[in-house]
Amino acid sequence: KDKEVAGIAFHVYPRVATGPGEHRQYPENTDLSASRHEFLFRPPGFLDAWFTRAVKDERDLPLVYLLFNITVLTIPGALLVFYLKSNWVGFAFWLANFVLFQERFSLGLHISAHRGIFKNSFFNPYASVVIAPFFGVPSGIYHLHHVVMHHVENNMDKWDLSSTEPYQRDNLLHFLYYYLRFLLAIWFELPYYALQRNRTRDAGVAVAAMCVHWAALLSLFSSNSCGAFWVFGVPAVAGSFALMFGNWSQHIFIDPKKPRCNYHLTYNIINADFNQRTFNDGYHLEHHVNSRRHWTELPGHFMGNVAKYVEEDAVVFQGLDFMAVGVLVFARQYKVLARHLVQLRPDAPPRTPEEAEAMLRARLVPIRPKTA
């Protein structure tokens, strides 16, 4: 059936049967019919009509509305910080922008990188080139790092620079190394990766984009250090941390027996409010199975393929978000994680908290080359 959200029709898949013996521990999936919260407000009618004509798929209008919100709030706010040169105003701007838009934009950028949303391709780089630097992402870099590298290499150590495989993933020091490596070394490692994979054009574009990025930053800092610090400097550090902690948490549980299988290198989170802010980002396993699948279809496709999850003994949580999962792992709160673990196996008794903890701990160990 179809559900209308903010005036947009979404296809809602029927729920999988949960009768006796059929995934008996499986809960209702509220993500199938929840209201969307990716944007704060809709544009005026005349712009709304133009956006509706401009997009390839009207299901992507929430993303367009989000970009409109950021354009009319973040960019004028940034100009105000540069104009007033006040640290208090700068801090207020950064905090408001981070709370309101960091999560939403990061996942909106993610969606737009996989699927161009506008009929006119001229507008498709708007998120990754114009808006991205306000959230700590250099212009023109995200596609190479995420779509080309992360998804092609699929979290495999050596090639995927954001791979979590070689780390003990409940070790905070390992995460700090992982984050600092990204923050400081990505400027050199990413172009080198592209050259190693014979993507000469991508390497050239990355180097050019990085040079323009640093030249612009240095120029802004020399002319208005207060504005540059709060509008671009702090977001670069905080935004990078959020992105890398998010990726770490998404790929924190890896089955050492099958680390190359999408059903064993990440997991889903269902029945969670953050899915309605982040274009169903909780269905990360589904996204790795098919990164081109439209974000509105992820919950339905998951529900239609529960049997595959049962077969693979895939990890599914409910009622959390990826950041919470990462924090709970570092805090060794496995009993909390066990309470949120969705019991999928129809032919076995539900895992006890001790069994759930043992299973999760076993998926935190470093993946060595001989096990991959």
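Please read these numbers as outputs of a predicted model, since none were measured by experiment.

It is worth spelling out the overall build of the protein chain at this point. In terms of helices and strands, the protein chain carries 15 helices and four strands. Taken against the 2.2 N^0.38 rule, which gives 21 Å for 372 residues, the C-alpha radius of gyration of the protein chain at 21 Å falls within 12% of a compact globule. The C-alpha extent of the protein chain, read off along each of the three principal axes, is 65 × 50 × 45 Å. When each of the 372 residues of the protein chain is scored for burial, the buried share is 53%. Here the protein chain displays about 16,700 Å² of accessible surface, and carbon together with sulfur accounts for 62% of that area.

Along the polypeptide, Glu 165 turns up in the loop between helix H5 (142-153) and helix H6 (172-196). Among the polar contacts made by the side chain of Glu 165, one reaches the side chain of Arg 260 at a distance of 2.3 Å. Among residues more than four places away in sequence, those in contact with Glu 165 are Asn 155, Met 156, Asp 157, Ile 254, Pro 259, Arg 260, Val 365, Pro 366 and Ile 367.

Right, let's get into the packing of helix H3 (residues 87-114) against helix H8 (residues 225-250). Running from N to C, H3 and H8 cross one another at 35°; their axes reach a closest spacing of 10 Å. H3 and H8 meet at a crossing whose hand is right-handed. Judged by residue contacts, Asn 87, Gly 90, Phe 91, Phe 93, Trp 94, Phe 98, Gln 102 and Ser 106 of H3 engage Cys 226, Trp 230, Val 231, Val 234, Pro 235, Ala 238, Gly 239 and Leu 243 from H8. Looking at the contact of H3 with H8 residue by residue, the classes come out as eleven nonpolar, five polar and no charged.

Here we take up unusual backbone geometry. Phi angles above zero are rare outside glycine, and Asn 271 is one such case at about 50°. Within the secondary structure, Asn 271 sits in the loop between strand E3 (268-270) and helix H10 (284-289). Its relative accessible area of 17% is what places Asn 271 among the buried residues. Even without being a glycine, Asp 313 presents a positive backbone phi close to 55°.

The next subject is the nonpolar core. The biggest cluster of nonpolar side chains holds 45 residues, and the ones touching the most others in it are Leu 190, Phe 253, Tyr 267, Phe 317, Val 325 and Leu 337. Mapped onto this core, the elements with two or more residues apiece are H5, H6, helix H7 (200-223), H8, helix H13 (322-330), helix H14 (334-340) and helix H15 (353-362). In terms of residue count, the dominant contributor to this core is H6 (eight residues). The contact partners of Phe 253, leaving out residues within four places of it in the chain, are Arg 169, His 264, Leu 265, Thr 266, Tyr 267, Phe 317, Val 325, Val 329, Leu 337, Leu 360, Arg 363 and Leu 364. Residues Leu 61, Val 64, Tyr 142 and Phe 279 belong to the second largest nonpolar core, which totals 43 residues.

In this structure the tally under the stated criterion is 38 aromatic pairs. Taken together, a centroid distance of 6.2 Å and an interplanar angle of 50° make the contact between Tyr 167 and Tyr 177 tilted. One end of the pair, Tyr 167, is in the loop between H5 and H6; the other, Tyr 177, is in helix H6, with ten residues separating them in the sequence. Since its relative accessible area comes to 7%, Tyr 167 is described here as buried. With a centroid separation of 5.2 Å and an interplanar angle of 65°, the aromatic rings of Trp 187 and Trp 214 are classed as edge-to-face. Of the two residues, Trp 187 is situated in helix H6 and Trp 214 in helix H7; the sequence distance between them amounts to 27 residues.

Thresholds applied
Residues numbered from 1 in each chain as written. Predicted model: local features only at pLDDT ≥ 70, side-chain atom pairs only at ≥ 80, totals over all residues. Heavy atoms only, no water. Helix = DSSP H or I, 4+ residues; strand = E, 2+ residues; numbered from the N terminus. Rg over C-alpha atoms; globule rule 2.2 N^0.38 Å. Buried < 20%, exposed > 50% of the residue type's maximum accessible area, 1.4 Å probe, protein only. Areas by Shrake-Rupley, 256 points an atom, 1.4 Å probe, with all protein chains shown as cover. Polar contact = N/O pair within 3.5 Å; in protein donor to acceptor, adjacent residues only side chain to side chain. Contact = heavy atoms within 4.5 Å. Axes fitted to C-alpha atoms, helices over the stretch in contact; angles between N-to-C directions. Left-handed = near helix turned anticlockwise from the far one by under 90°. Nonpolar A, V, L, I, M, F, W, Y, C, P; charged D, E, K, R; others polar. Core = buried A, V, L, I, M, F, W, Y, C linked by side-chain atoms within 4.5 Å. Phe/Tyr/Trp six-rings, centres within 6.5 Å; stacked < 30°, edge-to-face > 60°.

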